[in-house]
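Overview (structure and organization)
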Amino acid sequence: MAEPFRAVRISERVFWVGAIDWSIRDFHGYATNRGTTYNAYLVMADEIALVDTVKAPFRDEFMSRIRSVVDPRDIKVIVSNHSEMDHSGLLPQTVKAVEPREVLASPMGVKALAEHFHGLAGVTAVKDGERRSLGNATLTFYETRMLHWPDSMISYLDGDEVLFSQDAFGMHLASSERFDDELDPALLNEEAAKYYANILMPYSGLVTKALDRLGSLKLPAKLVAPDHGPVWRRGFAGILASYARWAEQRPTRKAVVVYDTMWGSTAAMARAIGDGLAAGGASANLLPLSAADRSEAATEVLEAGALLVGSSTLNGQMLPTVADILTYLKGLKPANLVGQAFGSYGWSGEAVQHVQDALVQMKVDMVGEAQRCRYVPTGEHLASCRALGELVAARLP
Ligand code: FEO
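Residues numbered from 1 in each chain as written. Predicted model: local features only at pLDDT ≥ 70, side-chain atom pairs only at ≥ 80, totals over all residues. Heavy atoms only, no water.

With respect to the pairing of strand E15 (residues 162-166)
- The buried count for E15 comes to five of five residues, which makes it a mostly enclosed element.
- In E15, alternate side chains face the same way, and those of Val162, Phe164 and Gln166 on one face and Leu163 and Ser165 on the other are all buried.
- Note: strand E14 (residues 153-157) against E15, three bridges, orientation antiparallel. Considered in E15, the bridge of Leu157 is made with Val162.
- Linking E14 back to E15 in an antiparallel pair, the connection comprises four residues, with Gly159 at a positive phi of about 80°.
- Bridge count for E15 against strand E16 (residues 223-226) is four bridges, and the pairing is parallel. (Buried < 20%, exposed > 50% of the residue type's maximum accessible area, 1.4 Å probe, protein only. Helix = DSSP H or I, 4+ residues; strand = E, 2+ residues; numbered from the N terminus. Pairing = 2+ DSSP bridges.)

Encoded structure:
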């Protein structure tokens, strides 16, 4: 019987055997508006290897793609580059079905897999730089700790010259196309930036070191095959340059103004700040939380130089939507930002101070004074907000 799902050949010996998740829209809080893919790769060397598995609900699709190339029981080696369950979810079932000679992971990966899948035994640790012969090809493993989990590693296949980069250089994008050059470059840049901002931004210092190391290894990779999104066949130099730039978090003349409002007063203040920013020559990007989500805010902040956050006061607190954004952004550790807090209130007005405290904790450099107004801003209040915008613009490079 013909398999309903087929593998896609990406090089002489390597086949994509992943799954396409067209429906996912929330990836533990990351808004995946274009779905995603979980990529796994079959290496048809003398000794057949499987690199990563997919998210558990996609078992039938994954196994069918493998069977379209080979009897799964012929797989001798399974490599787990990353133990997060979108890639390891089917590992126990796959090991049971395949009975490989060995399952390989980084030393931290061995521990993480044991703590995810109690009873999964026999995973062998490979050291940084260790090689595994597959007969007519060799896999080499490189640890990439904390990019973005302690267990993360990448694997390089010589001969076909494929770098299996796990989450690195990936993106959440469901598509029928498997290669970057089959897709719109602007779309790839947008989704890769979103992925970097929401997954890798907190580890930017380590990204810089990893890129330096990758450069020094001089791997002649023809293909870079991540665990999400397309395989890089033409545009890897471009995404590599983008990663270097994003990791630097160099401030730009873009200011992000994130706010929520109860009766329009904080929104009016945000608009006045935005006008001031523009008058000062900055690019102002206003994100009302009635229309923007946390992942969008993180993506906008990635290439910004300023972050201003506004909230009305509700029962002595900032609005829950604003608290959500600040909690999320704090974890992502954006760097090199200037900014300020603002908002309206009725009688107590604690929110602006709470927002400012959160921004200071995030090491955002405060510019001028926080802007507060009671109930509805006067023309004078709005002029003061506009002046804040101009002041922030003057601090941008
Ligand atoms: Fe795609 Fe960190 O898992």
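Quick word on the sheet that holds strand E1 (residues 8-9)
- Taken in spatial order, the seven strands line up as E1-E2-E7-E8-E9-E10-E11 in an open sheet, and their pairing is mixed. Each edge of the open sheet carries a strand with a single partner, namely E1 and strand E11 (123-125).
- Inspection of the sheet shows strand E10 (residues 102-105) paired to E11 by three bridges, in the parallel sense. Looking at the pairing, Val103 lines up with Val123 of E11.
- Lying on the sheet, helix H4 (residues 107-116) is in contact with E10 and E11; it crosses E11 at an angle near 155°. (Contact = heavy atoms within 4.5 Å. Axes fitted to C-alpha atoms, helices over the stretch in contact; angles between N-to-C directions.)

A look at a nonpolar patch on the surface
- Together, Met262, Trp263 and Leu314 make up a nonpolar patch on the protein surface, roughly 380 Å² of accessible area in all.
- Looking at the secondary structure, you find Trp263 in the loop between strand E17 (254-260) and helix H8 (265-279). (Patch = residues over 30% accessible without salt bridge, like charges linked within 9 Å, V, L, I, M, F, W, Y side chains within 5 Å. Areas by Shrake-Rupley, 256 points an atom, 1.4 Å probe, with all protein chains shown as cover. Salt bridge = Lys/Arg side-chain N within 4 Å of Asp/Glu carboxyl O.)

Some details on the environment of His172
- For His172, the position within the fold is in the loop between E15 and helix H5 (185-200).
- A distance of 2.6 Å separates the side chain of His172 from the side chain of Thr36, its partner in a polar contact. (Polar contact = N/O pair within 3.5 Å; in protein donor to acceptor, adjacent residues only side chain to side chain.)

With respect to the nonpolar core
- Within the largest apolar cluster, 89 residues are counted, with the highest numbers of intra-cluster contacts made by Phe169 and Leu307.
- Both domain 1 (8-248) and domain 2 (254-395) contribute no fewer than three residues apiece to this core.
- Setting aside anything within four residues of it in sequence, one finds Phe169 in contact with Leu211, Leu214, Val224, Pro226, Trp232, Phe236, Ile239, Leu240 and Tyr243.
- Judged by nonpolar contacts, the second largest core, of 26 residues, contains Ile10, Val14, Val43 and Phe141. (Core = buried A, V, L, I, M, F, W, Y, C linked by side-chain atoms within 4.5 Å. Domains from an automatic or database assignment.)

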